Amino acid sequence: MQTLIFRTAAPYLTGLMLMFSVFVLLRGHNEPGGGFTGGLIAASAFAIHGIAFGVPAVRRALYFHPMAISGFGLFAAAAAGLPSLLFGVPFLTGLWMSPAFFGMSIDLSTVIVFDIGVYLVVVGSFTSIALALEDREHD
Amino acid sequence: MEAVFAILVGLFFAAGIYLMLSRHIIRILLGVVLFGNAVNLLIFTNGRIIREVPPIIAEGLDVPAGAVVNPLPQALILTAIVISFCFFCFLLVLAYRAYQEIGTDDTDSMRVAEPVDDGLPPMGY
Amino acid sequence: MAVQGEIVDKAAAMVAGPIASVDWLVIAPVVLPIIGGAVLLLIRHSIRWHAVLALVVLVVMVGANGLLLQRVLATGPVSMTMGSWLPPFGISFTADVLGAAFSLTASLVAFVCCAYSLRDIDATGRRYGFYPFLMLMMAGVSGAFLTGDMFNLYVWFEVFLISSFGLLILGSDKAQIDGATKYAILNLVGTTLFLIATGYLYGTFGTLNMADLATRAGQIGTAAPLMTLATLYLLAFGMKAAAFPLNFWLPASYHTPPVITGALFGGLLTKVGIYALLRTLVMIFAAERLVLAGLIGWVAVATMLIGALGALAQSDIRRIAGFLVISGVGIMLAGIALGSNGGLSGAIFYALHSMLALSALYLLGGLMRQRGGSFSLHSLSGLYGASPFLAALAFIISLAVAGLPPGSGLWPKVMLVRASLDSGAWQIAAAILVSGFLATVALGRVLILAFWREAPGDKASSDKTAAAGPMSAPGCSALVVLVAAMLAMGVLPEPFIRLSTAAASGLLDASAYIQAVFPAGSGS
C-alpha cells in the first residue's frame, strides 16, 4: 500500500485515532466506551501506520515491544485491585479520591487504573497480532 | 421474536458443525467461526429479547428509571467474542504455519506427531 | 423496579463492613501468578531473572495455598466476592476443601516442574516466553479451582488453554505444530460446548453463582431442562478431561512439546476437567448425575481400558505416559459415576495422586532421555548400569502409577474398588483392576527394556552416546521431591484419606459452601 495519498493521510489518521482512543477510554467511565474499545481503536491506528510505512516504522514509533505494553497493562489491572487490601474491602473494589488541582476537584479512582490496564493489554496484544500478520505478507 | 432467533441459532450451528466435519483445516476454522457466532447469538437470545433502553443509569439516580434490557448476557457475549477472536487469530496463524511446515491442510495426512509406521515396542530382548 | 426519586438501600447489593484480611487467601493464588506473569512480560529481555522470579512466585503460591487449605479445614469454606458486591451480583471466589486441596497440589507440581526446567529450558525458550506462559497457565488453573462462578470458570479455562497453546508450540518443530493444531481445534470445540451449556444455564436459572445454582437446582422443578444442561456439561468437561470417546487430542499432542510441558499438561490440565465435572455434576446437578451414572460408568470403564491398552502399544515413553493419563481419567470418572462418599473421595484422592505421579512419569522420561539419549524403548538400554539412582526412582514411580504398594496409587484404587463393589457396579471394579494390571505390564516393560536390558555393543551404541549425557541436578532433585511426596501418600495415607473424605462430603452436602457465599442463609 505505497500510494501517495494513503502515505500522506496515514500519519494524521493515526494521530487522530490515537487521540480518539484516549477519549473513548476516559469517556467509558460513565458512558459507553472504555478500555477495550479504546484499545482496539489504538491498535487499528498502529495497524494503519504499519500498512502505510511498514512494520519496522511502527516498532520504532512504539519504542516499547507490544508484548511489554501488554504486560504493563496486565500488571496495572491486577495492581488496581491491591489497594483494597489496605482498606479492608474485597479485591477490585472501586476506591475514590478527589484531590483538588488549582481549585478544581478531579475524581480519581482505582477503576480508571484498571481500565487503563485493559486499554494497554488490548493495545499491546492486538498490535502484536496485527504486526505479526503484516510482517508475514512481505515474506 | 425468540423463536426466530432460535431457528437462526440452529442454522448457524448446523452450518458450523457441517463445516467442522470436513477434513480440511481451513473449512474447520470457518466452521469454528460460525460455531462461535452461534453461541454468541444463543446467549443473546437467552437474555430475552425486548425493545427497551440501554441499561445506563441517569445522573443522580441509584437505579434505572424504567425497564431496561438485561446487560449481563451482553457482557458475557463481549467476553466470549474477545476470547474466540484471540483463539481464531491463533488458529489461523497456526494453520498457516502447519501448511507451510507439513505441506498439507488435510488432517488425514497430518501424521507427523503420530507416524503411521510407528511399530510395536520390542517384545523381548 | 424502583420509581424515580425513591430512596434505594444500597446495603442490599454491596458489602457494608470491612472484611477480614485472611479472606485474601482465596484470591492470592490467582493474583500472584498474574502479577508474576505481567512482570515477566515486562522484563522479557532479562532472561536471567525469569526462572528466579517464577520460582519465587510459585513458592509464595504454594505457601498461600497451604494457608488457605489449613483455614478451610479449620473453619469451613471461605468466600470473597469481587468489588464489594454481594453475591450473586459480583463474581465470587469460593474455596472449599476440594478446591483448596487441588490448588495446593497443582502449585506444588508447578513448582517442581519449574525447578526441573532450570536446565531444560534454554535461552531461546526463555526469550520466547516459557515462564510468562507458565505463570499465566497457573493463574488459569488456580482460578478454575477457586472460582465460585460458572462463567468465570469458563474464563479461567480459556486463560489456561491459551497459555497452554503458547507452551505447546514452544520450539515450533513439525510434530509440535501438527499436535498443537489438533489440540487447539478440539479443545476450542470443547470450551465452546462449555459456553453453550453456560448460556443455557443462565437462561434457565438467571444466575451463574455456583452456590446460588446449587440452592436453586433442587427447587426449580421438573419443567426446566436440567437434564440437557447436565449432559452438555458432561460432554464439554469430558472432552477437556480426555474421557473416551473424546480423548483423541491427548495422545496426538502431549508427547510433542518439551517433557516439562508434557509434565505440566499431563499432571494438571485433565484434572481441571475432572474438577469441573465434580463441581457441576455432583454439587449442582446431583439428581441428573444419578440418571447419567450408568453412562458415566461405562465411559469410565472404556476410558480406563483404552488408555491402558494404548499404553501397551507404544514404544515412546512420553506416549506411554499420555495413554496412562487417559487411563487415570477413567478411574476418576468411575468415582463420579458411583457418586457415593467413598467413590468420590477415592476419585479426589486419585486426582491428587495423579497430579504428582503423571508429572513424575513425564519428568522421568526426560531424565531417561538425558541419560540414555532417546525416548524410544527400541534404543534405550542399560540404564540400570548407568544410573542405579534413576532406576530406583523409576521403580517407585512405576509402582505409584500402576497402583501398587508402597506407591500413592494404591489407596485411592482400594477405596474405589470397595465403593464400586458396595454399590454393585462390578464392571467398574473389574475395569480398575484390569487397567491397573495392564498399566503394570506397560511400565514393567519400560523397566525391563530401558533399565535391565544390557547395553548393546559398540556398533549400535555409538550413535546414541552422542545425545546421552549426565542428568541435570535440578531435574534429579525435582523428581526426588515428587517421589518423596508420592511415597508419603502411599505409606501414610490417613491424612490424605481424611482430606479427600472431607472434600467429598463438602460436595455431597453443599450447605457449608452455600453458607460461606450467602451468610444470611438464603439464596438471593
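Small disclaimer: the values here were computed from a predicted structure and weren't measured. (Residues numbered from 1 in each chain as written. Chains lettered and ligands numbered in written order. Predicted model: local features only at pLDDT ≥ 70, side-chain atom pairs only at ≥ 80, totals over all residues.)

A. Focus on the overall build of chain C. In terms of helices and strands, chain C carries 22 helices and two strands. Against the compact-globule benchmark of 24 Å for 524 residues, chain C has a radius of gyration of 23 Å, which places it among compact chains. C-alpha atoms of chain C, sized along the principal axes, occupy 90 × 60 × 40 Å. Expressed as a percentage of its 524 residues, the buried residues of chain C come to 64%. Within chain C, residue pairs in contact and separated by at least 24 positions form 82% of the contacts whose partners lie at least 6 positions apart. (Helix = DSSP H or I, 4+ residues; strand = E, 2+ residues; numbered from the N terminus. Rg over C-alpha atoms; globule rule 2.2 N^0.38 Å. Buried ≥ 20, exposed ≤ 12 C-beta atoms within 10 Å, placed from the backbone. Contact = placed C-beta atoms within 7 Å.)

B. Here's a closer look at the overall build of chain B. When its secondary structure is counted, chain B shows three helices and zero strands. Traced from its N-terminal end to its C-terminal end, chain B shows the element sequence α-α-α. Against the globule reference of 14 Å for 125 residues, chain B gives a C-alpha radius of gyration of 23 Å, more extended than a compact globule. For chain B, with 125 residues in total, the buried portion stands at 23%. For chain B, the share of sequence-separated contacts (at least 6 apart) that also reach a separation of at least 24 residues comes to 54%.

C. Fine view of the UniProt feature "transmembrane region" (unreviewed entry) in chain B. Residue and element names in this part refer to chain B. Look at the UniProt record and you will see "transmembrane region" (unreviewed entry) annotated at residues 6-21, 28-45 and 75-96. Secondary structure within residues 6-21 divides into 94% helix and 0% strand; the distance between the first and last C-alpha atoms comes to 23 Å. Between the C-alpha atoms that bound residues 28-45 there is a distance of 25 Å. The span itself is 100% helix and 0% strand. (UniProt positions renumbered as here; feature names shortened; annotations may be inferred.)

D. Region of the structure containing unusual backbone geometry. The residue after Pro87(C), namely Pro88(C), is reached through a cis peptide bond having omega 5°. The residue Pro88(C) is located in the loop between β1 (78-81) and β2 (92-95) in this model. Of note, the bond from Pro405(C) into Pro406(C) is cis; its omega dihedral lies within 30 degrees of zero at 0°. By secondary structure assignment, the location of Pro406(C) is in the loop between α16 (388-402) and α17 (410-422). Positive phi, close to 65°, is recorded for Tyr63(A), a residue that is not glycine. You can see Tyr63(A) is positioned in the loop between α3 (55-62) and α4 (66-79). The backbone of Ala242(C) shows a phi angle near 65°, a positive value even though the residue is not glycine. Considering the arrangement of structural elements, one finds Ala242(C) in the loop between α9 (226-240) and α10 (249-253). For Ala242(C), a count of 28 C-beta atoms within 10 Å translates into the label buried.

E. Layout of the UniProt feature "domain: NADH:quinone oxidoreductase/Mrp antiporter transmembrane" (unreviewed entry) in chain C. What UniProt calls "domain: NADH:quinone oxidoreductase/Mrp antiporter transmembrane" (unreviewed entry) maps, in this numbering, to residues 148-438 of chain C. Taken end to end, residues 148-438 of chain C comprises 79% helix and 0% strand; its first and last C-alpha atoms sit 39 Å apart.

F. Geometry of the environment of Ala57(A). Of note, Ala57(A) is situated in helix α3. Considered as a pair, Ala57(A) and Leu13(A) are 44 residues apart in the sequence and their alpha carbons are 16 Å apart.

G. Geometry of helix α21 (residues 494-508) of chain C. Residues and elements named next belong to chain C. Counted at 1.5 Å a residue, the expected span for α21 with its 15 residues is 21 Å, and the 21 Å between its end C-alpha atoms agrees. Those residues of α21 lying buried are Phe496, Leu499, Ser500, Ala503, Ala504, Gly506 and Leu507. Across the axial projection of α21, the buried residues extend over an arc of 160°, all falling on one side. Turned more than 90 degrees off the buried face of α21, the exposed positions are Glu494 and Pro495. Buried residues along α21 sit against α3 (97-120), α11 (259-284), α14 (341-372), α20 (473-491) and α22 (511-517). (Expected span 1.5 Å × (residues − 1). Arc of directions from axis to C-beta.)

H. Spotlight on the pairing of β2(C). Residue and element names in this part refer to chain C. By the alternation rule, side chains of β2 split into Ser92 and Thr94 and Phe93 and Ala95, which are all buried. In this sheet, β2 lies alongside β1 in antiparallel orientation, the contact comprising four bridges. Following the sheet pairing, Val78 is matched in β2 by Ala95. (Pairing = 2+ DSSP bridges.)

I. Helix α1 (residues 28-42) of chain C, seen in detail. Over its 15 residues, α1(C) runs 21 Å from end to end, which matches the ideal 21 Å to within 8%, given 1.5 Å per residue. Among the 15 residues of α1(C), 14 are classified as buried, and the element is accordingly described as predominantly covered.

J. Structural detail: the environment of Ala43(A). Residues and elements named next belong to chain A. Looking at where Ala43 falls in the secondary structure, it is placed in helix α2 (residues 35-53). On the basis of neighbour count, Ala43 is assigned to the buried category, with 23 C-beta atoms found within 10 Å. Apart from residues lying up to four places away in sequence, Ala43 is in contact with Val122, Val123, Phe126, Thr127 and Ala130.

K. Region of the structure containing the nonpolar core. Residues and elements named next belong to chain C. Counting 274 residues, the largest nonpolar core has Ala360 and Ile397 as its most contacted members. Here the element with the most residues in this core is α14; it accounts for 18 residues. The contacts of Ile397, once residues within four sequence positions are left out, are Ala357, Ala360, Leu361, Leu364 and Val483. (Core = buried A, V, L, I, M, F, W, Y, C linked by C-beta atoms within 7 Å.)

L. Summary view of the interface of chain B and chain C. Listed by partner, the interface residues are 38 residues for chain B and 38 residues for chain C. Listing elements by their share of the side of chain B that touches chain C, those giving two or more residues are α2 (25-46) and α3 (71-102) of chain B. Counting residues per element, the side of chain B that touches chain C draws most heavily on α3(B), at 15 residues. Looking at side-chain class alone, the side of chain B that touches chain C contains 30 nonpolar, four polar and four charged residues. (Nonpolar A, V, L, I, M, F, W, Y, C, P; charged D, E, K, R; others polar.)

M. Focus on the environment of Asp96(C). All names here are of chain C. Checked against the element boundaries, Asp96 lands in the loop between β2 and α3. For the pair formed by Asp96 and Ser435, sequence separation is 339 residues and the distance between their alpha carbons is 32 Å. With residues near it in sequence (within four places) discarded, Asp96 still touches Val72, Pro77, Gly506 and Tyr513.

N. Spatial organisation of the packing of α4(A) against α1(C). Running from amino to carboxyl end, α4(A) crosses α1(C) at an angle of 150°, the nearest separation of the two axes being 7 Å. For the element pair α4(A) / α1(C), the angle class is roughly antiparallel. In this structure, the crossing between α4(A) and α1(C) has a hand that is left-handed. In this structure, α4(A) contributes Met67(A), Ala68(A), Ser70(A), Gly71(A), Phe72(A), Leu74(A), Phe75(A) and Ala78(A) to the contact, and α1(C) contributes Val31(C), Ile34(C), Ile35(C), Ala38(C), Val39(C), Leu41(C) and Leu42(C). (Axes fitted to C-alpha atoms, helices over the stretch in contact; angles between N-to-C directions. Parallel < 35°, antiparallel > 145°, perpendicular 65-115°, else oblique. Left-handed = near helix turned anticlockwise from the far one by under 90°.)

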